[in-house]
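Take a look at the letters that make up each chain.
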Amino acid sequence: MGMKTMLVGMLVASAVSLAGCNDDGNIDLAGSNQGSGTPTGGDSQNSGGDSSDGSNDAEDGFTGPALQTAAAELDRSLNCTAFEHPDKAPVLLVHGTTVTGTEQYTTFYTPQLVERGFDVCIVTYPDRGLGDMQVSAEYVVHALRTIYAETGRKAAMIGHSQGGLMPRWAIKFWPSAREALADFVMIAGPNHGTTVALPAALGESLTQFLGLDQLPVGVAPAVTYQFARSSNFVAALNAGDETPGDIDYTALYTLYDELVRPVVPQPTAALDYEQGNPKVANILLQDVCSGHVSEHFVIGTADSLAFALALDAISNEGPADVQRAGGASGLCGLLPVDLEEIAMPSNAVGLLEIVASTLGEPQLGPNLAAAEPPLMAYAQGELAQ
């Protein structure tokens, strides 16, 4: 809890201190306006909930369940640098629970990727990820559709924690999202749930961090139920093919993860573990560097080893390859990142201005529930498999 609070504070403080800079370089701060001319399924389609046949209306132009979230809200959730680098896949960053996309990614991942010539988009889904992941997945669907429509290129996606799990729901149930994605790097994603006794075990770290100390007895944020290994969400997500589509999957995880467990002998963060799937790389960081120390929050925010492996995955064909990325001799010598010392490239500074609106968001909706949210109609058939 202490380390997490400290790191979040550093992330937010760094972002706020830079948000006042006037040099916005090549950043398109319109963010959501980039997709204003693309068919993202207007309010008339989105507000109607799931269609009976599991498809959007024909004029929508997309396949998959109808989106329940209003198009304007989905547009506001996505912020991108200018699309100026057609030689590389645009990168979509998906945040974890308790933070927003801007808080998690504008201090380290965005400037590091921009410096290397990547176009970067950050999506923020509602209420710091406390709500139903089935709804949050719609934000990822919209983001992938928008990026593909704007660039004509498949995206690479990097997600941490919930951001490494929830997007798989988008990939599984929306062909249009699946077809817009080339690589997915999952960092500490609880892909098969966690044996940490949820929601009780998250009580201190989650509720105190968000100022929800006095929760009524018997209720918790909806998402905590979905993280359980026995949840219907996890069962439906992993029914059938765990790696659908023409997508390369990289799962990165650490022995010292206090929330996503078990790590050994069969890691819950892995996909198709030891199945010889050529589309998948399951990498325990301590198998690369035995002395590497990284817990749940650090691995997804400022871990140089995880970043190097993620960068290798999105820069090359196939999932991450340890030897191609530098091997133990090159990777284990990486210095830890000092968040206070990061030099922001001038063309990434402008993106930080959106942090101001993030910090001024309306009062947090804790999405309290007494049980797991029911599966959407389009997913209920998965439990029969």
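What counts and how
- Counting restarts for each chain: residues are numbered from 1 in the order of the written sequence.
- With the structure being a predicted model, the display of local features is reserved for residues of pLDDT at least 70 and the display and counting of side-chain atom pairs for 80 or more, all residues being used for whole-chain, interface and lining totals.
- To get the side-chain values, take all heavy atoms of the structure and skip hydrogens and water.
- Helix and strand assignments follow DSSP, with helices taken as H or I runs no shorter than four residues and strands as E runs no shorter than two, numbered in order from the N terminus.
- Accessible surface is estimated by sampling points in the Shrake-Rupley manner with a 1.4 Å probe; for residues, cover comes only from the protein chains shown.
- Note on exposure labels: buried denotes an accessible area under 20% of the residue type's maximum, exposed denotes more than 50%, and partly exposed covers the range between, all computed with a 1.4 Å probe on protein chains only.
- A strand pair is defined by DSSP finding two or more bridges across the two strands.
- A side-chain nitrogen of Lys or Arg and a carboxyl oxygen of Asp or Glu constitute a salt bridge if their distance falls within 4 Å.
- Contacts were defined at the residue level, with two residues in contact if any of their heavy atoms lie within 4.5 Å.
- For patch detection, residues must exceed 30% relative accessible area and be free of salt bridges, and they are connected within 9 Å for like charges or within 5 Å for nonpolar side chains (Val, Leu, Ile, Met, Phe, Trp, Tyr).
- Here, expected helix span is obtained from the residue count minus one, scaled by 1.5 Å.
- By the criterion applied in these results, polar contacts are pairs of N or O atoms within 3.5 Å in which, for protein atoms, one can donate a hydrogen and the other can accept it, and in which residues neighboring in sequence qualify only through two side-chain atoms.
- Note on terminology: pairs of cysteine sulfur atoms within 2.5 Å are recorded as disulfides.
- Think of a 1 Å grid over the protein atoms and nothing else: a 1.4 Å probe that fits but is trapped marks a cavity, an open set flanked by protein within 12 Å on at least five of seven lines marks a pocket, and residues with an atom within 4 Å of a point count as lining.
- Grid points are joined across faces, edges and corners, and a volume is the space filled by probe spheres set on the points.
- Only Asp, Glu, Lys and Arg are considered charged in this grouping, and only Ala, Val, Leu, Ile, Met, Phe, Trp, Tyr, Cys and Pro are considered nonpolar; every other residue, Gly among them, is considered polar.

A.B. asks: Help me out: how do you make sense of the overall build of the protein chain in this one?
C.D. replies: Helices and strands together make up the secondary structure of the protein chain, namely 18 helices and nine strands. Per element, the accessible surface of the protein chain, about 14700 Å² overall, is 51% carbon and sulfur.

A.B. asks: What is the right way to look at the pairing of strand β3 (residues 120-123) in this model?
C.D. replies: It is a general feature of regular strands that their side chains alternate between the two faces of the sheet. Neither face of β3 is open: one carries Val120 and Ile122, the other Cys121 and Val123, and all of them are buried. With three bridges joining them, strand β1 (residues 78-80) and β3 adopt antiparallel strand pairing. Residue pairing in the sheet places Asn79 in a bridge with Ile122 of β3. Judged from the four bridges that link them, strand β2 (residues 91-94) and β3 form a sheet pairing that is parallel.

A.B. asks: It is not clear to me how the pattern of salt bridges should be interpreted in this structure. Could you clarify?
C.D. replies: Note on pairing: side chains with opposite charge can pair once their charged atoms come close. All told, the structure shown has six salt bridges when counted by the stated rule. The salt bridge partner of Asp87 is Lys88, with a shortest N-O separation of 3.7 Å. The exposure class of Lys88 is partly exposed, given its relative accessible area of 27%. Between Asp119 and Arg153 there is a salt bridge, with the nearest N and O atoms lying 3.4 Å from each other. Pair noted here: Asp119 is in the loop between α5 (109-115) and β3 and Arg153 is in the loop between α6 (133-151) and β4 (155-160), with a separation of 34 residues, a long-range link. Taken individually, Asp119 and Arg153 each receive the classification buried, so the pair is uniform in this respect.

A.B. asks: It is not clear to me how the environment of Gly96 should be interpreted in this structure. Could you clarify?
C.D. replies: Looking at the element boundaries, Gly96 is found in the loop between β2 and α4 (101-105). Leave out the neighbours within four places in its chain, and Gly96 touches Gln104, Tyr125, Arg128, His160, Ser161, Gln162 and Gly163.

A.B. asks: Would you mind going over a nonpolar patch on the surface with me for this structure?
C.D. replies: On the surface, Leu255, Tyr256, Val264 and Val293 cluster together into a nonpolar patch covering about 380 Å² of accessible area. Secondary-structure assignment places Val264 in the loop between β7 (248-253) and β8 (280-284).

A.B. asks: Just to check I follow, could you spell out helix α15 (residues 304-315) for this structure?
C.D. replies: Given 3.6 residues per turn, any residue in an α-helix points the same way as the ones three and four places further on. The first and last C-alpha atoms of α15 sit 16 Å apart over twelve residues, in line with the 16 Å expected at 1.5 Å per residue. When you tally the buried positions in α15, you get eleven out of twelve residues, the bulk of the element. Within α15, burial applies to Ser304, Leu305, Ala306, Phe307, Ala308, Leu309, Ala310, Leu311, Asp312, Ala313 and Ile314. Between a side-chain oxygen at the N-terminus of α15 and the backbone nitrogen of Leu305 the separation is 2.9 Å; the capping residue is Asp303.

A.B. asks: Where do I start with the state of the cysteines in this structure?
C.D. replies: Linking two cysteines covalently via their sulfur atoms produces the bond known as a disulfide. One pass over the full model with this rule turns up two disulfides. A disulfide bridge connects Cys80 with Cys121, and the sulfur atoms are separated by 2.0 Å. Given an S-S torsion of about 110°, the disulfide between Cys80 and Cys121 has right-handed geometry. One end of the pair, Cys80, is in strand β1; the other, Cys121, is in strand β3, with 41 residues separating them in the sequence. Shown here is the disulfide that connects Cys289 with Cys332, its sulfur atoms set 2.0 Å apart. Across the S-S bond linking Cys289 and Cys332, the dihedral sits near -100°, which makes this disulfide left-handed. Residue Cys289 is located in the loop between α13 (285-288) and α14 (296-299), and its partner Cys332 is located in the loop between α16 (327-331) and α17 (346-349); the two are separated by 43 residues in the primary sequence. Here the bonded cysteines of the protein chain are numbered in sequence order, and their pairing is 1-2, 3-4.

A.B. asks: Would you mind showing me how to read empty space enclosed by the protein here?
C.D. replies: Unoccupied space between atoms shows up once a probe the size of one water molecule is rolled over them. The tally for this structure, following the rule as stated, stands at three cavities of 30 Å³ or more. Size it by volume and the second largest cavity reaches roughly 50 Å³. Considering the residues around the second largest cavity, the lining is formed by Arg168, Ile171, Lys172, Leu237, Asp241, Glu242, Pro244 and Tyr249. Sorting elements by how many residues they give to the lining of the second largest cavity places helix α8 (residues 167-173) first, with three residues. When its residues are assigned to classes, the lining of the second largest cavity shows four nonpolar, no polar and four charged.

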